[in-house]
Amino acid sequence: MGKNGPARHLNHLYPHPVPVEVYLLPEVYPHNPVSWLYFAYKLASYLCHSPTPSPVDVTADGSVFKVTSEPAMLRLWRSGFYGKGVLSRSEPTWRQRHQQQQEASTSTSTSSPALEAVTVARRQERQQFKQLRAQLQQLEIRHRKHELNEEEVKELEKLRVTVEDLRKGNTPTKGTSRETTKDPKETTETTRDNTNDNTNVAAGSVTRVVTDTSENAAIADLEYLQLSAVETLWLLHLGSIRVHSNLTASAISRQLGPAGRIEYAAYHYFRSLGWCVRDGLKFGAEFLLYKRGPVFGHAEFAIKVVSRHHQPQWTEMATVARVIGTVNKTLVVCYVTAPDTDEAEEIDDVAQWVSQYRVAPVMYRRWNPSRTRD
């Protein structure tokens with residue numbers, strides 16, 4: 001695949017920062033009539049043969065906005081990383097994971113594992129490493145006291161090799177620890193039980209779904225993509241979605257309220273500058289800023305929105321700053337000033353009322369006297 005193979009693959013999967021099709025026309029040189037003809041040809045080709053993508057249908061269930069079509073979910077996620085799969089960490093991969101489980105039961109899996117499967121495998125490897133390391137430490141203590149026999153000394157050498165392989169990220173050597181080895185029958189039965197019995201708790205009620213493990217069985221997609229109110233308002237502004245129940249931008253603005261509109265002003269500001277904005281609740285902030293998206297790297301900045309409606313205490317700011325600092329991110333305090341007369345509830349044009357808000361981001365950093373001396 002080459003040195004830049006994975007990056008090219010991601011660029012192919014996630015080509016656009018917004019779900020808007022952009023068609024580049026050639027340059028026109030006034031003194032060259034051929035360039036005019038070529039421009040007219042490309043424009044006519046686009047108008048005649050390039051269909052305009054229809055807006056994504058979004059269902060409004062109270063304050064929850066759902067996208068249920070699988071192509072629509074992929075389109076919104078791969079064109080700006082909008083929404084969250086309700087049965088996944090972020091990207092809606094519930095169906096992909098269960099297809100992989102079904103293929104694994106028949107040993108026909110050829111697709112790459114989902115993010116959740118990778119996380120589970122990493123946690124299992126980390127747990128195995130800790131168990132082997134603790135066992136190695138106990139044997140080394142006994143070895144210093146000259147309490148090991150010849151077989152235990154050989155076991156100690158094998159454990160050293162295994163722990164070193166795990167520390168370097170290599171596959172551990174088999175047969176090194178009897179305590180961490182599991183019965184293959186037990187593992188197979190557990191995997192089969194997890195594949196056959198799946199629980200859906202998205203709507204507050206538990207529904208038992210029995211999945212057919214045959215090779216040609218179809219898996220019903222129980223997952224939908226949930227959009228936040230600010231994401232829905234932004235996508236309405238772009239014209240990329242169509243909300244059923246006749247909800248307009250002004251109706252969603254009324255649902256947000258004054259505090260929600262202030263958050264949307266910050267969201268609109270950073271999205272307009274080309275940042276990928278995701279929810280930052282797990283870090284105590286309103287938003288996280290990615291250069292391109294979660295699949296390309298970690299977020300660099302965390303946004304804390306401050307306004308006259310919400311003025312946090314210094315203890316809250318110190319707590320958020322400490323949390324953000326421990327995850328190698330930079331805290332940005334975003335001051336949003338709302339107009340005296342808020343007309344967002346009556347105006348459907350989002351750009352018209354959001355232009356009345358003033359956004360001033362300020363980078364928050366801890367001052368270290370020893371590093372800032374003259």
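Residues numbered from 1 in each chain as written. Predicted model: local features only at pLDDT ≥ 70, side-chain atom pairs only at ≥ 80, totals over all residues. Heavy atoms only, no water.

### Considering helix 8 (residues 229-238)
Then step 1. Of all the 10 residues making up helix 8, seven are buried; the element is thus mostly covered by neighbouring parts of the structure.
Then step 2. Within the span of helix 8, buried status applies to A229, V230, E231, T232, L233, W234 and L235.
Then step 3. The positive-phi residue at the C-terminal boundary of helix 8 is G239, with phi of around 80°. (Buried < 20%, exposed > 50% of the residue type's maximum accessible area, 1.4 Å probe, protein only. Helix = DSSP H or I, 4+ residues; strand = E, 2+ residues; numbered from the N terminus.)

### Focus on the packing of helix 8 against helix 9 (residues 249-272)
Then step 1. Put simply, helix 8 and helix 9 touch, their axes get as near as 8 Å, and they point 75° apart. What the angle tells us is that helix 8 and helix 9 run roughly perpendicular. In this structure, helix 8 uses A229, V230, E231, T232, L233, W234, L236 and H237 to contact helix 9, whose residues at the interface are A249, I252, S253, L256, G260, Y264, Y267, H268, R271 and S272.
Then step 2. Class assignment for the residues of the contact of helix 8 with helix 9 results in 10 nonpolar, six polar and two charged. (Axes fitted to C-alpha atoms, helices over the stretch in contact; angles between N-to-C directions. Parallel < 35°, antiparallel > 145°, perpendicular 65-115°, else oblique. Contact = heavy atoms within 4.5 Å. Nonpolar A, V, L, I, M, F, W, Y, C, P; charged D, E, K, R; others polar.)

### Topic: helix 2 (residues 33-49)
Then step 1. Here helix 2 is 17 residues long and its end C-alpha atoms lie 24 Å apart, about the 24 Å a rise of 1.5 Å per residue gives.
Then step 2. Residue N32 occupies the N-cap position of helix 2, its side-chain oxygen lying 3.1 Å from the main-chain nitrogen of V34. (Expected span 1.5 Å × (residues − 1). Polar contact = N/O pair within 3.5 Å; in protein donor to acceptor, adjacent residues only side chain to side chain.)

### Remarks on the pairing of strand 2 (residues 64-67)
Then step 1. Burial of the side chains of strand 2 is restricted to one face: F65 and V67 are buried, whereas none of V64 and K66 on the reverse face is.
Then step 2. If you look at the hairpin formed by strand 1 (residues 56-61) and strand 2, you'll find two residues sitting between the two strands, and G62 has a positive phi there, around 70°.
Then step 3. Pairing of strand 2 with strand 6 (residues 225-227) involves three bridges; the strand directions are antiparallel. Pairing of V67 across the sheet is with L225, part of strand 6. (Pairing = 2+ DSSP bridges.)

### Structural notes on the packing of aromatic side chains
Then step 1. This model, assessed by the stated rule, comprises 10 aromatic pairs.
Then step 2. Measuring from centroid to centroid gives 6.1 Å for Y14 and F296, while their planes differ by 75°, and the two rings are edge-to-face. Highlighted residues: Y14 in the loop between helix 1 (5-13) and helix 2 and F296 in the loop between strand 9 (287-290) and strand 10 (301-306), separated in sequence by 282 residues.
Then step 3. With 5.7 Å between their ring centres and 90° between their planes, W275 and F301 make a pair best called edge-to-face. (Phe/Tyr/Trp six-rings, centres within 6.5 Å; stacked < 30°, edge-to-face > 60°.)

### Focus: the UniProt feature "active site" (unreviewed entry) in the protein
Then step 1. The UniProt record annotates "active site" (unreviewed entry) at Y290, H298 and K329. Taken together, the annotated residues stretch across 40 residues yet fold into one region, lying no more than 10.7 Å apart by C-alpha.
Then step 2. Locating H298 in the fold gives a position in the loop between strand 9 and strand 10.
Then step 3. Apart from residues no more than four positions distant in its own chain, H298 is found in contact with Y290 and K329.
Then step 4. By the secondary structure assignment, K329 is in the loop between helix 10 (314-326) and strand 11 (330-337).
Then step 5. Overall, the relative accessible area of 13% leaves K329 in the buried class.
Then step 6. Contact partners of K329, with chain neighbours within four places excluded, come to F283, L288, H298, A299, E300 and I324. (UniProt positions renumbered as here; feature names shortened; annotations may be inferred.)

### What to know about the sheet that holds strand 7 (residues 241-243)
Then step 1. Spatially, five strands are ordered 3-6-2-1-7 in an open sheet, and the strand pairing comes out mixed. Edge strands, defined here as strands with exactly one partner in the open sheet, are strand 3 (84-85) and strand 7.
Then step 2. Looking at chain direction, strand 3 and strand 6 are connected through two bridges and run antiparallel. Along strand 6, the bridge assignment pairs G85 with L225.

### Focus on the nonpolar core
Then step 1. Counting 44 residues, the largest nonpolar core has F65, V67, L76, L227 and Y264 as the members making the most contacts within it.
Then step 2. Considering each element in turn, this core owes the most residues, 10 residues, to helix 9.
Then step 3. Ignoring anything within four residues of it in the chain, the contact list for L227 reads V58, F65, V67, L76, Y82, G83, T232 and L235.
Then step 4. Core analysis: the second largest hydrophobic core is formed by 16 residues, F81, C276, A285 and V306 among them. (Core = buried A, V, L, I, M, F, W, Y, C linked by side-chain atoms within 4.5 Å.)

### A look at the pattern of salt bridges
Side chains that carry opposite charge are capable of pairing whenever their charged atoms lie near each other.
Then step 1. According to the stated counting rule, one finds 11 salt bridges in the structure shown.
Then step 2. A salt bridge links E140 to R160; its shortest N-O distance comes to 3.6 Å. Residue E140 is found in helix 5 (residues 115-144), and its partner R160 is found in helix 6 (residues 150-168); the two are separated by 20 residues along the sequence.
Then step 3. The class of E140 is partly exposed, set by a relative accessible area of 22%.
Then step 4. For R160, a relative accessible area of 32% gives the class partly exposed.
Then step 5. In this structure, R278 and E231 form a salt bridge, with 3.9 Å as the shortest nitrogen-oxygen distance. Within this pair, whereas R278 is found in strand 8 (residues 276-279), its partner E231 is found in helix 8, the two being separated by 47 residues in sequence. Each member of the pair, R278 together with E231, is buried. (Salt bridge = Lys/Arg side-chain N within 4 Å of Asp/Glu carboxyl O.)

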